[in-house]
Amino acid sequence: MCIRFSSVISKKNERWHSDGIVYPKLTWLGGELLAKLARWSVESRPSGFKSTLSLISIVKYSKAYQELKEKYKDMVKVWPEVTDPEKFVYEDVAIAAYLLVLWEEERAERGVTAKQSFVDLGCGNGLLVHMLSSEGHPGRGIDVRRRKIWDMYGPQTRLEEDAITPNDRTLFPDVDWLIGNHSDELTPWIPVIAARSSYNCRFFVLPCCFFDFIGRYHRRQSKQTQYRGYLDFITEVGLTCGFRVEEDCLRIPSTKRVCLIGKSRTYPAAGEASVDAQRTQYIHRRQGCPGSPPGRAPAPPVPRAAASSMDRPDGRSDSHGAPDAGAGPVPEARAEGLWLSGFRSREKAERVRNCAALPRDFVDQVVLQVANLLLGRKQLNPTSSHGAGFKTWNQGESLSLAEVASRLDRETLQRLKQECGGLQTLLKNSHQVFQVLKGRVHIRDWRAEKLPKERPPEAKRTLLSGAFKTRLCWFFTHHPDGCVLPSDRCPFAHGPGELRPPPATERKKQRL
């Protein structure tokens with residue numbers, strides 16, 4: 001392929017406005033990009049990860065995957081959850097196929113025929129449990145929150161709604177394998193639970209979100225990516241628990257596709273007591289001190305007083321992702337059966353964090369503040385009803401999200417930071433007022449919106465007519481120049497007199 005940058009440079013396109021990101025500078029295209037492409041095409045860098053499906057037979061996996069895909073493809077059509085059905089169904093099909101081949105090869109190595117039992121900790125939608133159970137492996141899934149889809153599986157799929165706290169009562173002595181498929185805060189605990197359940201218990205984890213024993217995980221090696229550092233941390237946990245930890249890459253539609261497997265132990269069964277003492281010391285030493293590199297023996301135990309000072313009752317994280325000092329002594333925690341005080345499982349009720357649950361008056365206040373900034377600090381009229389002239393209507397300026405954030409008070413920003421997406425999500429949710437494009441905030445000009453001019457089809461006409469004038473027009477109420485559209489063209493009500501009741505949803509219709 002021949003790339004002629006000279007033609008790009010010689011014929012300067014009037015519409016090419018370089019921003020250095022989406023539209024790179026022409027000098028960079030001609031002087032640097034070609035050289036970089038040539039170098040990238042020939043250099044070989046180690047990826048830092050194992051090759052895909054390195055621990056099992058690819059032929060067996062491909063066959064198992066196709067069989068499971070054909071068997072469970074209809075799940076996509078009846079998926080009752082709000083999550084993407086294709087991603088979750090086919091990802092779980094791939095994970096199930098991997099485990100089935102892994103376990104088949106393990107049975108051949110051990111010379112046994114009985115299929116392995118399992119428990120999936122943090123099983124979520126339970127589809128993986130359903131597939132493995134349907135393929136003859138006795139097992140169950142446990143999750144803190146019940147899902148709608150659980151009712152579709154039938155009684156042969158055992159799913160339990162329960163919170164899991166790592167302690168002496170959360171053990172599975174009769175189970176062959178513990179599974180952690182995107183198990184979040186339980187991920188670092190699964191090797192520990194497996195090791196303490198029985199000498200023959202093994203584990204499989206597919207880490208996704210980064211959690212330490214308590215709180216969020218923070219990497220301690222700046223030369224590593226967060227993901228690579230977290231995988232090394234979970235590997236270190238497995239090694240400290242006495243497992244030979246193996247790593248593999250799954251063939252799934254996800255960027256987090258590295259699994260860690262503990263199939264065998266590095267010590268005889270008679271050495272369980274001494275190894276468990278090492279585990280305990282490691283868990284408490286982890287709070288506030290860098291761990292030893294993966295593959296090496298743990299550092300000498302810290303004094304008991306130092307270890308105990310690192311437990312914190314409220315479980316909040318310090319800069320290392322571990323609780324601060326100040327909790328009671330370690331022996332008290334073990335005396336109560338707890339392995340580490342301060343652990344918190346996720347909430348049973350999933351908290352909405354997309355700004356939708358924020359108080360209406362708080363949202364209205366932020367919208368007014370931001371609109372005031374964009375309109376050049378021209379005071380907004382809280383009861384404006386002026387007619388808008390097309391040529392004089394003030395659309396204001398545009399500001400970057402960073403500029404908007406810098407002009408809001410600290411208390412408002414702290415409240416927004418607790419929501420997913422923060423300020424940007426709130427502004428995007430306020431679709432009637434704002435437009436957020438490429439990190440910049442604009443006042444929305446409804447003259448540029450494509451409002452329906454021709455008579456739409458019956459189905460769309462019903463939908464549009466049902467939503468028409470069910471909310472007050474923000475611009476009519478607040479903008480100093482009023483709404484830019486006349487009342488008969490604006491989809492929002494110009495005053496309470498135009499308001500219509502919102503259409504009943506299907507759920508409301510069924511109740512009626």
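Residues numbered from 1 in each chain as written. Predicted model: local features only at pLDDT ≥ 70, side-chain atom pairs only at ≥ 80, totals over all residues. Heavy atoms only, no water.

**Digging into the overall build of the chain**
Thought 1: When you go through the chain residue by residue, the secondary structure sums to 18 helices and ten strands.
Thought 2: Within the chain, the proportion of its 512 residues that are buried is 44%.
Thought 3: Of the contacts formed within the chain by residues at least 6 apart in sequence, a portion of 66% connects residues at least 24 apart.
Thought 4: In the form shown here, the chain has an accessible surface area of approximately 28,200 Å², with 53% of it arising from carbon and sulfur atoms. (Helix = DSSP H or I, 4+ residues; strand = E, 2+ residues; numbered from the N terminus. Buried < 20%, exposed > 50% of the residue type's maximum accessible area, 1.4 Å probe, protein only. Contact = heavy atoms within 4.5 Å. Areas by Shrake-Rupley, 256 points an atom, 1.4 Å probe, with all protein chains shown as cover.)

**Side note on a nonpolar patch on the surface**
Thought 1: On the surface, Leu 34, Leu 37 and Trp 40 cluster together into a nonpolar patch covering about 280 Å² of accessible area.
Thought 2: Among the structural elements, Leu 37 can be located in helix 2 (residues 26-42). (Patch = residues over 30% accessible without salt bridge, like charges linked within 9 Å, V, L, I, M, F, W, Y side chains within 5 Å. Salt bridge = Lys/Arg side-chain N within 4 Å of Asp/Glu carboxyl O.)

**Some details on the packing of helix 12 (residues 360-374) against helix 15 (residues 422-429)**
Thought 1: Between helix 12 and helix 15, the shortest axis-to-axis distance is 11 Å and the interhelical angle comes to 90°. Taken together, the axes of helix 12 and helix 15 are roughly perpendicular relative to one another. Residues Val 363, Val 366, Val 367 and Val 370 of helix 12 lie in contact with helix 15, whose contacting residues are Leu 423, Leu 426 and Leu 427.
Thought 2: Of the residues belonging to the contact of helix 12 with helix 15, the class tally is seven nonpolar, no polar and no charged. (Axes fitted to C-alpha atoms, helices over the stretch in contact; angles between N-to-C directions. Parallel < 35°, antiparallel > 145°, perpendicular 65-115°, else oblique. Nonpolar A, V, L, I, M, F, W, Y, C, P; charged D, E, K, R; others polar.)

**Re the side chain of Gln 432**
Thought 1: When you line up the elements, Gln 432 lands in the loop between helix 15 and strand 9 (434-437).
Thought 2: Discounting residues that sit within four places of it in the chain, Gln 432 has contacts with Arg 444, Trp 446, Arg 471, Leu 472, Cys 473, Trp 474, Phe 475 and Phe 492.

**Comments concerning the nonpolar core**
Thought 1: Tyr 61, Tyr 98, Leu 99, Leu 132 and Phe 204 are the most contacted members of the largest nonpolar core, which totals 41 residues.
Thought 2: Looking at this core, the elements with two or more residues in it are helix 3 (58-72), helix 4 (85-110), helix 5 (127-134), helix 6 (150-153), strand 4 (177-181), strand 5 (202-206) and strand 7 (258-265).
Thought 3: Top contributing element to this core by residue count: helix 4, with twelve residues.
Thought 4: Sequence-distant contacts of Leu 132, that is, excluding residues within four places in its chain, are made with Ala 96, Leu 99, Leu 100, Trp 103, Phe 118, His 137 and Ile 179.
Thought 5: Core analysis: the second largest hydrophobic core is formed by 38 residues, Ala 194, Cys 241, Val 258 and Trp 339 among them. (Core = buried A, V, L, I, M, F, W, Y, C linked by side-chain atoms within 4.5 Å.)

**Looking at the state of the cysteines**
Thought 1: This structure, assessed with the given rule, holds zero disulfides.
Thought 2: You can see Cys 209 has no disulfide; the closest cysteine sulfur is in Cys 208, sitting 4.2 Å from it.
Thought 3: What makes Cys 209 partly exposed here is its relative accessible area of 30%.
Thought 4: Cys 473 supplies the cysteine sulfur nearest to Cys 483, a cysteine that is in no disulfide, at a spacing of 3.8 Å. (Disulfide = S-S within 2.5 Å.)

**A short note on the pairing of strand 2 (residues 139-143)**
Thought 1: Across the five residues that make up strand 2, a large majority, four, are buried.
Thought 2: Relative to strand 2, strand 1 (residues 118-121) runs parallel, the two sharing four bridges. When the sheet's bridge partners are listed, Val 119 is paired in strand 2 with Arg 140.
Thought 3: Here four bridges tie strand 2 to strand 3 (residues 158-161), and the two strands are oriented parallel to one another. Bridge assignment links Ile 142 to a residue of strand 3, and that residue is Glu 160. (Pairing = 2+ DSSP bridges.)

**With respect to the confidence of the model for the chain**
Thought 1: On average, residues of the chain score 79 in pLDDT, and 74% of them are at 70 or above.
Thought 2: Looking at the elements of the chain, mean pLDDT is at its lowest for helix 10 (residues 304-308), recorded as 30, and at its highest for strand 5, recorded as 98.
Thought 3: Overall, residues 289-332 carries pLDDT values under 50, and its contacts beyond four positions in sequence, including any with other chains, amount to 92 contacts.
Thought 4: Every residue in residues 505-512 scores below 50 in pLDDT, and together they form one contact with partners more than four places removed in sequence or on other chains. (pLDDT = per-residue confidence, 0-100.)

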